[in-house]
Amino acid sequence: EDLGVKHRLWVYSGRRGVHCWVCDDAVRKWSPALRAAAVEYLTLVKGGAETVKKVNLSEPIHPFIRLVATPLPGPCSRWPRGAEPLPAAPQALVSATSLDCWPQYRETLQGEFLKKRDSVQRWELLKGRMERTRVRTGKGMPCYADWEIMLQYCFPRLDINVSKGVGHLLKSPFSVHPKTGRISVPLDLQRLDQFDPFTVPTISSLCQELDAAGSDGEQDSGEVEPKRRARDYKKTSLAPYVRVFEQFVEEMERARRGELLRRSDLQGDF
């Protein structure tokens with residue numbers, strides 16, 4: 001939205017990732033430098049496996065960062081009870097935050113963390129301490145340790161090389177992931193809370209569904225019309241995902257016709 005992008009198709013990779021296909025005419029003509037600048041703007045989590053603290057916030061907080069950080073419920077609400085999304089060692093957790101600016105709180109927190117049973121309790125303690133810290137600091141430099149942790153655990157890691165390289169190999173929607181066998185399917189953002197990656201069709205399940213559909217609709221002549229064969233996917237669990245893709249293409253086509261009409265009207269004015 002900050003970059004004026006309108007036509008975005010979100011596609012599940014089939015394993016752990018999500019692809020965002022940006023199909024605006026202007027964006028498809030961007031140079032690698034423009035693409036790299038856009039991805040850099042959207043990148044908040046930086047650093048490899050050896051980097052403990054991957055998000056660093058300081059005043060003034062950019063509106064984009066404030067927009068994405070404010071509604072995040074926190075990393076502990078994203079995992080089932082009993083899971084440990086936050087580092088178990090108190091030293092690792094505290095050292096990975098901007099508490100470096102507030103060393104007087106580090107030792108106290110490390111001692112209190114040892115008394116907590118799990119990550120949920122440690123998170124609530126840290127979040128509450130950060131809120132009190134901001135109140136005390138007044139006009140001084142506030143501490144955003146809780147935001148940094150939320151962003152580090154919940155904000156997506158972006159693949160810069162794929163985004164900036166116009167010649168980079170891209171994984172097409174509806175392709176098959178080679179390790180999981182799951183189909184790379186478009187996501188319906190209106191029903192995103194109902195999406196379960198473990199129920200996505202696989203190449204094996206689709207073959208079984210097609211075999212079952214063929215057995216049920218088998219004709220006496222044993223011949224199947226080519227047109228009917230081309231629509232067999234509608235009898236499988238892939239059908240709703242294909243519809244999401246079709247709706248995206250239809251919306252792009254409507255926008256394209258509207259733009260052509262607008263240009264024609266402008267030319268007619270002269």
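An unreviewed UniProt entry annotates the chain as DNA primase AEP of Sula dactylatra. The UniProt entry for the chain carries the following text under Catalytic activity (unreviewed entry): "ssDNA + n NTP = ssDNA/pppN(pN)n-1 hybrid + (n-1) diphosphate." Recorded in UniProt for the chain, the comment headed Sequence similarities (unreviewed entry) runs: "Belongs to the eukaryotic-type primase small subunit family."

Visitor: What is the right way to look at the overall build of the chain in this model?
Guide: What the chain contains, in helices and strands, is 11 helices and 2 strands. Secondary structure of the chain in N-to-C order comes out as β-β-α-α-α-α-α-α-α-α-α-α-α. In the chain, which comprises 270 residues, the share counted as buried stands at 32%. A separation of at least 24 residues holds for 60% of the contacts in the chain among residues at least 6 apart in sequence.

Visitor: How should I be thinking about the nonpolar core in this particular structure?
Guide: Soluble globular proteins tend to bury their nonpolar side chains together. Of all hydrophobic cores here, the largest spans 22 residues; its most connected members are L57, I65, L126, W147 and L151. Broken down by secondary-structure element, the contributors of at least two residues to this core are α3 (63–69), α5 (103–113), α6 (119–137) and α7 (145–154). Sort the elements by how many residues they give to this core and α7 lands first, with 5 residues. In this structure, Y12, L187, L206 and Y241 belong to the second largest nonpolar core, which totals 9 residues.

Visitor: Can you walk me through unusual backbone geometry in this structure?
Guide: Only a minority of non-glycine residues have a phi that is not negative, and only a minority of peptide bonds are not trans. Put simply, E59 and P60 share a cis peptide bond, and its omega is -5 degrees. Structurally, P60 can be placed in the loop between α2 (32–42) and α3. With phi around 75 degrees, F174 is a residue other than glycine that occupies positive phi space. Mapped onto the secondary structure, F174 falls in the loop between α8 (160–164) and α9 (203–216). Given a relative accessible area of 27%, F174 falls into the partly exposed group.

Visitor: What exactly am I supposed to notice about a nonpolar patch on the surface here?
Guide: Side chains of W10, V18, L189 and L192 sit close together on the surface and give an oily, nonpolar patch of about 350 Å² of accessible area. With respect to the helices and strands, the residue V18 is situated in strand β2 (residues 18–22). Using a relative accessible area of 48% as the deciding quantity, one classes V18 as partly exposed.

Visitor: Please clarify how the packing of aromatic side chains should be interpreted in this entry.
Guide: The description of two aromatic rings rests on the distance between their centres and on the angle between their planes. The tally for this structure, following the rule as stated, stands at 5 aromatic pairs. Between Y41 and F64 the ring centres are 5.3 Å apart and the planes differ by 25 degrees, which places this aromatic pair in the stacked class. Residue Y41 is located in helix α2, and its partner F64 is located in helix α3; the two are separated by 23 residues in the primary sequence. Using a relative accessible area of 28% as the deciding quantity, one classes Y41 as partly exposed. On the basis of relative accessibility, which here comes to 12%, the residue F64 falls in the buried class. When the ring of F64 is compared with that of F155, the centres are 6.4 Å apart and the planes differ by 80 degrees; the resulting orientation is edge-to-face.

Visitor: Got a minute to help me understand the pattern of salt bridges in this structure?
Guide: Here the idea is simple: oppositely charged side chains can pair when their charged atoms come close. Counted under the stated rule, the structure contains 10 salt bridges. We note a salt bridge from E246 to R243, for which the minimum N-O separation is 3.2 Å. You can see E246 and its partner R243 sitting in helix α11 (residues 239–269), 3 residues apart, about one turn around the helix. Residue E259 pairs with R263 through a salt bridge whose shortest N-O separation is 3.1 Å.

Visitor: Please explain the pairing of β2 as it appears in this structure.
Guide: In the case of a regular strand, side chains alternate between the two sheet surfaces. Of the pairings in the sheet, the one linking strand β1 (residues 8–12) to β2 comprises 5 bridges and is antiparallel in character. Paired with Y12 across the strands is V18, a residue of β2. Taken together, β1 and the strand that follows it, β2, pair antiparallel across an intervening segment of 5 residues, in which G14 is found at a positive phi of about 105 degrees.

Visitor: Is there a simple way to explain the side chain of K54 in this structure?
Guide: On the secondary structure map, K54 appears in the loop between α2 and α3. One buried charged residue, K54, forms no salt bridge at all, with the nearest opposite charge on E50 at 7.6 Å. A polar contact is formed between the side chain of K54 and the backbone oxygen of T51, at a distance of 2.6 Å. Setting aside residues no more than four positions away along its own chain, K54 makes contact with L44, V45, K46, G47, G48, Q152 and R157.

Visitor: I tried to follow the environment of R122 on my own but got confused; where do I start?
Guide: With respect to the secondary-structure elements, R122 resides in helix α6. When the C-alpha positions of R122 and L109 are compared, they lie 9.1 Å apart, and in sequence the two are 13 residues distant.

Visitor: Before we go on, may I ask you to explain the layout of surface pockets in this structure?
Guide: A water-sized probe, rolled over the atoms, reveals where empty space remains. Of the volumes computed, that of the second largest pocket is approximately 390 Å³. Lining the second largest pocket we find 15 residues, and of these H7, D25, A255, R256 and E259 sit closest to its centre. Elements with a minimum of two residues in the lining of the second largest pocket: α1 (25–28) and α11. It is α11 that provides the largest number of residues to the lining of the second largest pocket, a total of 8 residues. The residue inventory of the lining of the second largest pocket, partitioned by class, reads 6 nonpolar, 1 polar and 8 charged.

Definitions and limits used
Residues numbered from 1 in each chain as written. Predicted model: local features only at pLDDT ≥ 70, side-chain atom pairs only at ≥ 80, totals over all residues. Heavy atoms only, no water. UniProt positions renumbered as here; feature names shortened; annotations may be inferred. Helix = DSSP H or I, 4+ residues; strand = E, 2+ residues; numbered from the N terminus. Buried < 20%, exposed > 50% of the residue type's maximum accessible area, 1.4 Å probe, protein only. Contact = heavy atoms within 4.5 Å. Core = buried A, V, L, I, M, F, W, Y, C linked by side-chain atoms within 4.5 Å. Patch = residues over 30% accessible without salt bridge, like charges linked within 9 Å, V, L, I, M, F, W, Y side chains within 5 Å. Areas by Shrake-Rupley, 256 points an atom, 1.4 Å probe, with all protein chains shown as cover. Salt bridge = Lys/Arg side-chain N within 4 Å of Asp/Glu carboxyl O. Phe/Tyr/Trp six-rings, centres within 6.5 Å; stacked < 30°, edge-to-face > 60°. Pairing = 2+ DSSP bridges. Lys, Arg positive; Asp, Glu negative; His and termini not counted. Polar contact = N/O pair within 3.5 Å; in protein donor to acceptor, adjacent residues only side chain to side chain. 1 Å grid on protein atoms, 1.4 Å probe; cavity = no way out; pocket = protein on both sides within 12 Å on 5 of 7 lines; lining within 4 Å. Points joined across faces, edges and corners; volume = space filled by probe spheres on them. Nonpolar A, V, L, I, M, F, W, Y, C, P; charged D, E, K, R; others polar.

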